[in-house]
Amino acid sequence: MIYEYFIIFITVLIVYTTFEPPAVDPLQTGTRWLASLLLFAAYGVLAGVVFKRLYRSTSESNFVVTLIQKRYRRCLTWFSILAMACFTFHVYVLNVKADFQALPWSRSFPTLSSFLALCLFFAYLSVMWWTAYPLSRRLFGLEWTRGKFVLARLRLYGSILAPWFILSFVTDIMELTAFNPLARLGAFTQEMIIFGAFVVLFAVFGPVLIRYFWGLEPLPAGSVRNYIESECIRNHFRCRDIMLWPLFEREILTAGVMGIISRFRYIMISPALLNILNPEELTAVLVHEIGHIKRKHMFFYMLFIMGYVVLVYPLFTIFTLLAPYSDTLISLVAASSPSETTRLSLLLTIPMLGGFVLYFRFVFGYFMRNFERQADLFSLQQTGNAEALTRSLEKITYFSGTPPSTPSWHHFSVQERIETLNRATFEPRLIPAHDSKIKRSLGVYVSVVLLVGLAAYILEQSPVRAALERAGVERVLTRYIEHHPEDATALSLLGSFYFEEERFGDAERSYKEALGINPEDPETLNNLAWLYATSEDPRFRKPEIALDLAEKAARSRPVPHILDTLAESYYQNGRFEDAVSLAENILRSTLEDRKYFEKQLAKFRRAIE
């Protein structure tokens, strides 16, 4: 359950953060938000209809509780997927990201824009839970109010949202204040150090935060607590406290241990599970959870989360470097009109999202299933028989309404788990054999992660990457212009690319072609003027033409960077007093890069002296 919440959260973040919104027409803002409200309302109506129909089926005299429970959980899954689909529609079609980023504080703190987007997604989930409440109350005998029912589920997401928000907000502040002690390192190395430090800190101190968000309360003193404490002592297991875990009140039967350090470690047991297990069965389940700690599974989960970043970052980088060399992908992007950024964002989102799902479904899921089996076998070893754990699994299956043969991406089916426990009872050699299998698998995984990480570090420092990036940008722009030869903005961008590459002849040609389409465009006029005023190649140093172009651009759009080009043109033509006067006027306005303009003024004043 918790892992599904984590996957959904990360999926929504990937969809939002990888999208680059195209420019929007302010006149269409009202229409887009009206469409958003209609989509949200349609989702709510559909959820209400479906859950109400299920609720009515419970009024029939011959209804089967376990069957309705199964349909109920299936509906929750499908409406969660539908919520993600609606959210994606909001982002890619209705362009809500452009509206969120237009808010003044979003420019300084991009995390707040992402937070608003997450709130939109949580609104969908809240509607789903709100409409599902009557059915859940009837099926599981809940005593919670509807508001508490919805809040309990949101709090599960809060335990993931809070650390993400803290990390992202700190990153925003570092970029805003230009304080980055890792600035000299490459992007990949920075990401790994920051993310690794965050994962370690959260693994150590996160349980304290989670205790609040999950609404954990200490198990009251009594025979049950005394029994659990004695089992912990017998298994040489230390923890900070034993907590009641009211996960969706009576709806979920589960237990767990969180925390890699005993001082911040908690045993968690849902009240519903305590109600159905006898002391012997509770012992088996408890020892199973202790097995996760004894076998260092929490540490390896932390390693797998970090490993995902190590694996996906270089693969995503390679994809972005090689994508411009695919005619199919380039044509898909270039053959559009105003939606090219949307299509490009989609191309970047698909591999990120696909890599995430595949990694957690197959790599993370493989280790989780085998860790669960290892914990089962640890319980068998410590208790001496499989009967108690087998009975507990059968009870959990029965009361949860899940067939024993139902597979899971992170658990073997209950039927498989019971069969393995029974076999291991008569064939003890299966236990060390399974331990060896996990060790070999971990060895292969760590080797792959280290090799990929080393390759990513080498690629980051390699001049080959820079060359591929430059070639990719040129290819994308030229292919786009082939499809849109009348797009003056694209031609101007290509000219600026050539200018940065010091290919001044190609830059001049592109700028002139752009001006042939839109002769009054101030940005293109400004860029060509800067080329003629500052080119290191004497063949393209044309100060008189630069001055004419710069004056024309400044009359159309007198903003600092264009006025700076005019001042530079004055300087190149020997009109130093005019350059100084204009530079002084620029410095009277609000500037982001004030130091640059101060250096320009100093240069002009030295010319007079």
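Bear in mind that the values here come from a model prediction, so they are computed numbers and not experimental data. (Residues numbered from 1 in each chain as written. Predicted model: local features only at pLDDT ≥ 70, side-chain atom pairs only at ≥ 80, totals over all residues. Heavy atoms only, no water.)

A. Seen up close, helix H16 (residues 414–426). For H16, built from 13 residues, the straight-helix expectation of 18 Å at 1.5 Å per residue is met to within 8% by its first-to-last C-alpha distance of 19 Å. Here H16 has its buried residues at Val-414, Arg-417, Ile-418, Thr-420, Leu-421 and Ala-424. Buried residues of H16 fall within an arc of 160° about the axis and therefore sit on the same side. (Helix = DSSP H or I, 4+ residues; strand = E, 2+ residues; numbered from the N terminus. Expected span 1.5 Å × (residues − 1). Buried < 20%, exposed > 50% of the residue type's maximum accessible area, 1.4 Å probe, protein only. Arc of directions from axis to C-beta.)

B. Inspection of the pattern of salt bridges at higher detail. In the structure shown here, the tally under the stated rule is 23 salt bridges. Of the charged contacts, one joins Glu-508 and Lys-512 as a salt bridge, the two residues approaching to 3.6 Å between their closest N and O atoms. Highlighted residues: Glu-508 and Lys-512, both in helix H20 (residues 504–517), separated by 4 residues, approximately one helical turn. Take Glu-508: its relative accessible area is 11%, and that puts it in the buried class. Taking relative accessible area as the criterion, Lys-512 reaches 45% and is therefore assigned partly exposed. Of the charged contacts, one joins Asp-537 and Arg-539 as a salt bridge, the two residues approaching to 2.8 Å between their closest N and O atoms. In this structure Asp-537 comes out as buried when scored by relative accessible area, which is 17%. Where salt bridges share partners, they join Glu-280, Glu-281, Arg-391 and Lys-395 into one cluster. (Salt bridge = Lys/Arg side-chain N within 4 Å of Asp/Glu carboxyl O.)

C. Main features of the pairing of strand E2 (residues 241–244). Direction of pairing for strand E1 (residues 217–218) relative to E2: antiparallel, over a ladder of 2 bridges. For Glu-217, the partnering residue across the bridge sits in E2 and is Leu-244. Where E2 lies against strand E4 (residues 266–269), 4 bridges are found, and the strand directions are parallel. Paired with Asp-241 across the strands is Tyr-266, a residue of E4. (Pairing = 2+ DSSP bridges.)

D. Just unusual backbone geometry, in detail. At Asn-95, a position not held by glycine, the phi torsion is positive, near 55°. Turning to its location among the elements, Asn-95 is positioned in the loop between helix H3 (65–92) and helix H4 (96–102). Of note, His-236 is a non-glycine position whose phi angle comes to about 55°, a positive value. Relative to the helices and strands, His-236 resides in the loop between helix H9 (223–234) and E2. The exposed category is assigned to His-236, whose relative accessible area is 67%.

E. Layout of a nonpolar patch on the surface. On the surface, a cluster of nonpolar side chains totalling about 390 Å² of accessible area is made up of Leu-315, Ile-318, Leu-322 and Tyr-325. Summarising the element assignment, Leu-322 is placed in helix H12 (residues 297–322). (Patch = residues over 30% accessible without salt bridge, like charges linked within 9 Å, V, L, I, M, F, W, Y side chains within 5 Å. Areas by Shrake-Rupley, 256 points an atom, 1.4 Å probe, with all protein chains shown as cover.)

F. Region of the structure containing the side chain of Ser-492. Structurally, Ser-492 can be placed in helix H19 (residues 488–500). In this structure Ser-492 comes out as buried when scored by relative accessible area, which is 8%. The residues contacting Ser-492, other than those within four sequence positions of it, are Tyr-511, Ala-514, Thr-524 and Asn-527. (Contact = heavy atoms within 4.5 Å.)

G. A look at the state of the cysteines. With the rule as written, the count across this model stands at 0 disulfides. As a non-bridged cysteine, Cys-86 has Cys-75 as the owner of its nearest cysteine sulfur, 15 Å distant. Judged by its relative accessible area of 8%, Cys-86 is buried. In this structure Cys-119 is not part of a disulfide, and its nearest cysteine sulfur, from Cys-86, lies 17 Å away. (Disulfide = S-S within 2.5 Å.)

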